[in-house]
Amino acid sequence: MSKVVVKGMLDPASQAWVHASHFLDLYLSFFRELVEAEKNKESEELDPLFNEFGQVYASWATEEAFKVGLVTVYHHWEKCIKKLMSEQAEEQGLALLKNTTRLSFVEHTKLNLEAVFDCVVDSNVWEIIDEAREIVNCFKHGTSDKFHKLYSLYPSYFDFSNTERVTDYSDHFILGAERFERLGNNILEFWETLPREYVWS
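This text gives an overview of the structure that appears in the document. (Residues numbered from 1 in each chain as written. Predicted model: local features only at pLDDT ≥ 70, side-chain atom pairs only at ≥ 80, totals over all residues. Heavy atoms only, no water.)

## Overview of a nonpolar patch on the surface
Thinking step 1. On the surface, a cluster of nonpolar side chains totalling about 420 Å² of accessible area is made up of Met9, Tyr198 and Trp200.
Thinking step 2. For methionine 9, the position within the fold is in the loop between β1 (5-7) and α1 (12-45). (Patch = residues over 30% accessible without salt bridge, like charges linked within 9 Å, V, L, I, M, F, W, Y side chains within 5 Å. Areas by Shrake-Rupley, 256 points an atom, 1.4 Å probe, with all protein chains shown as cover. Salt bridge = Lys/Arg side-chain N within 4 Å of Asp/Glu carboxyl O. Helix = DSSP H or I, 4+ residues; strand = E, 2+ residues; numbered from the N terminus.)

So this is what it looks like as structure tokens:
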């Protein structure tokens, strides 16, 4: 039985799910619709010659919104799971395992949930969360070497069409709506499937 104990209606995992869901709606719907509306408005006001430039701008702006959205959703997951484990450990008198072997945040979190709290989440969910971590770390550090490594792990994120010579892998990274939604929905699945024991007093 899971040692993550939820007392009454105060379920931190459900609260985290709600916030993550709102972030996804914000970036997948609201911001994208704003960009599209602005593009259409400018297309009506400007000479048709500039319509193509408007489309390029809209594509760029939407892609950047998805990237910011992924950073937001992933870091929110990190903050919430760290807070959940810390509070649960303190309430139950448990000791979290220290990261003595330089595990990634995702690996260390998985280890603590399984070893300390007896919480097992599907391995595929963990793999996709780690995929999000790798991408977000590239956005944070922004070097071509980081993106080159990312390409070796997840080549489907890169588009080298119409490119004769690659000098910066970051220029060819494309997140897109479908991938952002997949990564975000996986975090929702994490919160949905995180085992916990409900205590009603």
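## Quick notes on a negative patch on the surface
Thinking step 1. Together, Asp122, Glu127, Glu189 and Glu192 make up a region of like negative charge exposed at the surface.
Thinking step 2. Mapped onto the elements, glutamate 192 comes out in helix α6 (residues 176-193). (Lys, Arg positive; Asp, Glu negative; His and termini not counted. Charge placed at Lys NZ, Arg CZ, Asp CG, Glu CD.)

## A look at the packing of aromatic side chains
Thinking step 1. This model, assessed by the stated rule, comprises 22 aromatic pairs.
Thinking step 2. Where phenylalanine 30 meets phenylalanine 31, the ring centres are 5.7 Å apart and the plane angle is 50°; that geometry is what we call tilted.
Thinking step 3. Using a relative accessible area of 45% as the deciding quantity, one classes phenylalanine 30 as partly exposed.
Thinking step 4. Pairwise contacts between aromatic rings join Phe139, Phe147, Tyr151, Tyr154, Tyr157, Phe158, Phe160, Tyr169 and Phe173 into one cluster. (Phe/Tyr/Trp six-rings, centres within 6.5 Å; stacked < 30°, edge-to-face > 60°. Buried < 20%, exposed > 50% of the residue type's maximum accessible area, 1.4 Å probe, protein only.)

## Comments concerning the environment of valine 166
Thinking step 1. With respect to the secondary-structure elements, valine 166 resides in the loop between α5 (144-153) and α6.
Thinking step 2. A relative accessible area of 33% places valine 166 in the partly exposed class.
Thinking step 3. When near neighbours in sequence (up to four residues on either side) are disregarded, valine 166 contacts Phe160 and His172. (Contact = heavy atoms within 4.5 Å.)

## Observations concerning unusual backbone geometry
Residues other than glycine predominantly adopt negative phi, and peptide bonds predominantly adopt the trans conformation.
Thinking step 1. Located in the positive-phi region is arginine 102, a residue other than glycine, with phi close to 55°.
Thinking step 2. Here arginine 102 shows up in the loop between α2 (51-92) and α3 (105-115).
Thinking step 3. Phi is positive for aspartate 118, which is not a glycine, with a value near 55°.

## Here we look at the nonpolar core
Thinking step 1. Core analysis: the biggest nonpolar cluster contains 47 residues, and Trp77, Leu113, Phe190, Trp191 and Leu194 have the highest contact counts within it.
Thinking step 2. Elements that contribute at least two residues to this core include exactly α1, α2, α3, α4 (123-141), α5 and α6.
Thinking step 3. The greatest single-element share of this core, amounting to 11 residues, is contributed by α2.
Thinking step 4. Filtering out sequence-adjacent residues up to four positions away, tryptophan 191 remains in contact with Ala13, Ala16, Trp17, Trp77, Cys80, Ile81, Leu84 and Arg196. (Core = buried A, V, L, I, M, F, W, Y, C linked by side-chain atoms within 4.5 Å.)

## Some thoughts on the packing of α3 against α4
Thinking step 1. Contact geometry of α3 with α4 gives a least axis separation of 9 Å together with a crossing angle of 150°. Compared by their axis directions, α3 and α4 come out roughly antiparallel. Contacts from Phe105, Val106, Thr109, Lys110, Leu113 and Glu114 in α3 reach Trp126, Ile129, Asp130 and Arg133 in α4.
Thinking step 2. Per-class residue counts for the contact of α3 with α4 are five nonpolar, one polar and four charged. (Axes fitted to C-alpha atoms, helices over the stretch in contact; angles between N-to-C directions. Parallel < 35°, antiparallel > 145°, perpendicular 65-115°, else oblique. Nonpolar A, V, L, I, M, F, W, Y, C, P; charged D, E, K, R; others polar.)

## With respect to α4
The α-helix advances 3.6 residues per turn, and as a result positions three or four apart in sequence lie on the same side.
Thinking step 1. Its 19 residues give α4 an end-to-end C-alpha distance of 27 Å, which sits within 8% of 27 Å, the value for a rise of 1.5 Å per residue.
Thinking step 2. Taken together, the buried positions of α4 are occupied by Val125, Trp126, Ile128, Ile129, Asp130, Glu131, Ala132, Arg133, Glu134, Ile135, Val136 and Cys138.
Thinking step 3. For α4, the N-terminal capping position is held by aspartate 122, with its side-chain oxygen 2.8 Å away from the main-chain nitrogen of asparagine 124.
Thinking step 4. Residue glycine 142 follows α4 closely and has a positive phi angle near 65°. (Expected span 1.5 Å × (residues − 1). Polar contact = N/O pair within 3.5 Å; in protein donor to acceptor, adjacent residues only side chain to side chain.)

## Things to note about the environment of isoleucine 135
Thinking step 1. Inspection of the secondary structure assignment puts isoleucine 135 in helix α4.
Thinking step 2. The class for isoleucine 135 is buried, based on a relative accessible area of 0%.
Thinking step 3. Excluding residues that lie within four positions of it along the chain, isoleucine 135 makes contacts with Leu70, Leu150, Tyr157, Phe173 and Leu183.

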